[in-house]
Structures are given as structure tokens and as C-alpha cells.
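# Examination of the molecular architecture
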Amino acid sequence: MLRSYRLLILTAITIILIIGSFGTIFLSNRTPSAFATSNLVNNPGFETGNLNGWSCDAGDAVVGSPVHSGSFALQMNPTSSTTGQCTQTISVQPNTAYTLSDFVNGPFAYIGVLNGS
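The sections below set out a description of the structure shown in this document. (Residues numbered from 1 in each chain as written. Predicted model: local features only at pLDDT ≥ 70, side-chain atom pairs only at ≥ 80, totals over all residues. Heavy atoms only, no water.)

The subject of this paragraph is the state of the cysteines. Counting across every chain of the model gives one disulfide. Each disulfide pairs two cysteine sulfurs, and for Cys56 the partner residue is Cys86, the sulfurs being separated by 2.1 Å. Classification of the bridge connecting Cys56 and Cys86 rests on its S-S torsion, roughly 115°, and on that basis the disulfide is right-handed. Taken together, the positions of Cys56 in strand 2 (residues 55-56) and Cys86 in strand 5 (residues 86-87) put the pair 30 residues apart, joining distant regions of the chain. Given a relative accessible area of 23%, Cys56 falls into the partly exposed group. By relative accessible area, which is 17% here, Cys86 ends up buried. (Disulfide = S-S within 2.5 Å. Helix = DSSP H or I, 4+ residues; strand = E, 2+ residues; numbered from the N terminus. Buried < 20%, exposed > 50% of the residue type's maximum accessible area, 1.4 Å probe, protein only.)

The next thing to look at is the side chain of Asp60. With respect to the helices, strands and loops of the structure, Asp60 is situated in the loop between strand 2 and strand 3 (61-63). Reaching out from Asp60, the side chain makes a polar contact with the backbone nitrogen of Asn77 at a distance of 2.9 Å. Ignoring sequence-local partners within four residues, the contact set of Asp60 consists of Leu51, Leu74, Gln75, Met76, Asn77, Gly84, Gln85 and Cys86. (Polar contact = N/O pair within 3.5 Å; in protein donor to acceptor, adjacent residues only side chain to side chain. Contact = heavy atoms within 4.5 Å.)

Here's what the structure looks like:
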């Protein structure tokens with residue numbers, strides 16, 4: 001019984017090592033993505049004090065309080081006919097990694113890519 005148990009463990013370890021080797025081979029042959037070296041968003045923190053660079057729904061505004069960092073923040077004001085959406089078109093390069101992030105002080109927000117692939 002003990003010998004069967006040892007053989008089972010040895011077989012399981014061997015299978016794990018083989019699978020791990022294949023994973024290493026396949027993953028190491030992938031071409032690494034480049035990373036963006038600068039912020040591509042125009043007026044990213046609304047620090048110009050206005051909505052320059054952004055297309056926003058009526059009622060959205062730049063405010064001086066409350067803010068997360070810096071001096072200004074976006075205040076979105078959805079209505080029964082708008083979502084409070086602000087958009088910006090940003091050109092990106094293929095095979096390049098990008099990070100999109102924000103800080104939200106409120107009950108709900110969506111940040112993402114529209115019509116991207």
C-alpha cells in the first residue's frame with residue numbers, strides 16, 4: 001500500500017513538472033508587449049480647471065472640491081436623459097500594454113474602452 005502511494009505521488013509530481021515545462025516553453029516564446037511611456041490622456045486630472053480635451057454630457061463640470069489629488073476633479077451630473085458620460089479618443093499602438101484607472105467618489109462609475117478591439 002505504501003509503495004503504491006509513493007508511486008502515485010511520484011507520478012503526480014512528474015506530470016506536474018511536465019505540464020509546467022510546457023507552460024514555460026509556450027509562455028517564453030511569446031513576444032513581450034511594450035509599455036506606454038507617457039500619459040496619453042489629454043487633461044487627465046482636469047487640472048486645467050476645465051473640460052478641455054473631453055466631450056462630456058451637459059451638466060458635467062470641473063470642481064475644486066471634493067478632489068482626490070491635485071486641485072480639480074470631474075463632477076458628473078447624470079439626468080433622466082444623460083448618463084453624465086465624458087469621453088476622449090486616444091490613439092494607441094498595437095502590442096502595447098496600457099493601464100486605464102480612475103478614482104471614484106460616489107456610488108457607481110464605469111471606466112473602459114468604447115468600440116475597442
